[in-house]
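Listed below are the residues making up each chain.
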Amino acid sequence: MSATPDVCAGAAPAHAGGLFVISGPSGVGKGTLVARVLDRLDDVWLSVSATTRPPRQGETDGVSYRFVSDEQFDHLVADDGLLEWAWVHGQRYGTPRAAIDDRVAAGIRVILEIDPQGAFQVRERYPQAVLVFIVPPTFSDLEKRLRTRGTESDEQIARRLQTAQVELSEANEYDVVIRNDDLEQATADLVDVIESYSSPGCSGNRSSSHHL
Ligand code: 5GP
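A.B. asks: Help me understand helix α1 (residues 30-40), please; the structure alone is not making it clear to me.
C.D. replies: An α-helical turn contains 3.6 residues, so any two residues separated by three or four positions project in the same direction. Inspection of α1 places Lys-30, Leu-33, Val-34 and Val-37 among the buried residues, and these make up the whole buried set. On an axial view of α1, the arc spanned by its buried residues comes to 95°, and they lie on one face.

A.B. asks: Teacher, can you tell me more about the sheet that holds strand β4 (residues 66-67) here?
C.D. replies: Neighbouring strands of a sheet are bound in pairs by backbone hydrogen bonds; such pairs are parallel or else antiparallel. Reading across from one edge, β4-β3-β6-β5 is the order of the 4 strands in this open sheet, with mixed pairing throughout. Taken across any chain shown, the strands that pair with only one partner, and hence form the sheet edges, are β4 and β5 (82-88). Examined bridge by bridge, β5 and strand β6 (residues 91-96) share 6 bridges and lie antiparallel to one another. Directly across from Glu-84, in β6, lies its bridge partner Thr-95.

A.B. asks: Any chance you could explain the side chain of Arg-97 here in plain terms?
C.D. replies: Note that Arg-97 resides in helix α3 (residues 97-105). There is a polar contact of 2.8 Å between the side chain of Arg-97 and the side chain of Asp-80. Aside from chain neighbours lying at most four places away, what touches Arg-97 is Asp-80, Gly-81, Leu-82, Leu-83 and Arg-125.

A.B. asks: Is there a simple way to explain the site of the ligand in this structure?
C.D. replies: Taken together, the neighbourhood of the ligand is formed by 17 residues, with Ser-49, Arg-53, Tyr-65, Tyr-93 and Asp-115 sitting nearest. For the ligand, an oxygen atom lies 3.4 Å from a polar atom in the side chain of Thr-95. One of the side-chain N or O atoms of Arg-160 is found 2.8 Å from an oxygen atom in the ligand. Contact with the protein chains covers 95% of the free accessible surface of the ligand, which is 510 Å². Mapping the ligand onto the cavity grids shows that it belongs to the largest pocket.

Rules behind the numbers
- Residues numbered from 1 in each chain as written.
- Predicted model: local features only at pLDDT ≥ 70, side-chain atom pairs only at ≥ 80, totals over all residues.
- Heavy atoms only, no water.
- Buried < 20%, exposed > 50% of the residue type's maximum accessible area, 1.4 Å probe, protein only.
- Helix = DSSP H or I, 4+ residues; strand = E, 2+ residues; numbered from the N terminus.
- Arc of directions from axis to C-beta.
- Pairing = 2+ DSSP bridges.
- Polar contact = N/O pair within 3.5 Å; in protein donor to acceptor, adjacent residues only side chain to side chain.
- Contact = heavy atoms within 4.5 Å.
- Near = heavy atom within 4 Å.
- Areas by Shrake-Rupley, 256 points an atom, 1.4 Å probe, with all protein chains shown as cover.
- 1 Å grid on protein atoms, 1.4 Å probe; cavity = no way out; pocket = protein on both sides within 12 Å on 5 of 7 lines; lining within 4 Å.
- Sits in = over half its atoms within 2 Å of the grid points.

Keep in mind these numbers describe shape, not what the thing actually does.
Right, here's the structure in full:
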């Protein structure tokens, strides 16, 4: 695995900053990775999604997610208030649009932690978005992590593992794939990707995937 990805190629970007979409199967450690990256980088903002999923223990409304009713979500969709949205594990999740558009226009680096359906919708709207997929070392490792964290029932875990199989098959559509078998290394890789793509003179090269 390369610690210093050579992801910067091509002409200068239209603006500084950038839009970074992070996906990966449930249990792969996206949340932990993103939190570590936010600790290390300035001027990076993490979008807070809206969801119809009920809060888990310890999740705060407006911090982890905006927890909304089905009716409220319907309104967000009807009012074109979402940049993208999708059904994931039987619930709806979406990215509030205004906060993203404003920050991207202001040249702030924005991270979206969303599923592949949402990621591809974002790519349509923001072709310059950098799509990063986090993979586990093995599938059984993913299952182990999901069971150990103990936040889902057996039925929910089975559903998440089923979804994980589909999501993993989409990893090759992403610009960058990072393997999370060592948290420190994976954090460094993600920091490198964000720094490289948002550095002056770098527009990233989306013509091929960079597997780290
Ligand atoms: P969880 O319920 O474990 O917090 O998240 C389940 C899945 O929903 C994860 O794959 C996560 O990336 C995805 N997700 C979270 N927010 C959004 C969003 O705004 N849009 C989409 N499309 N997926 C999201």
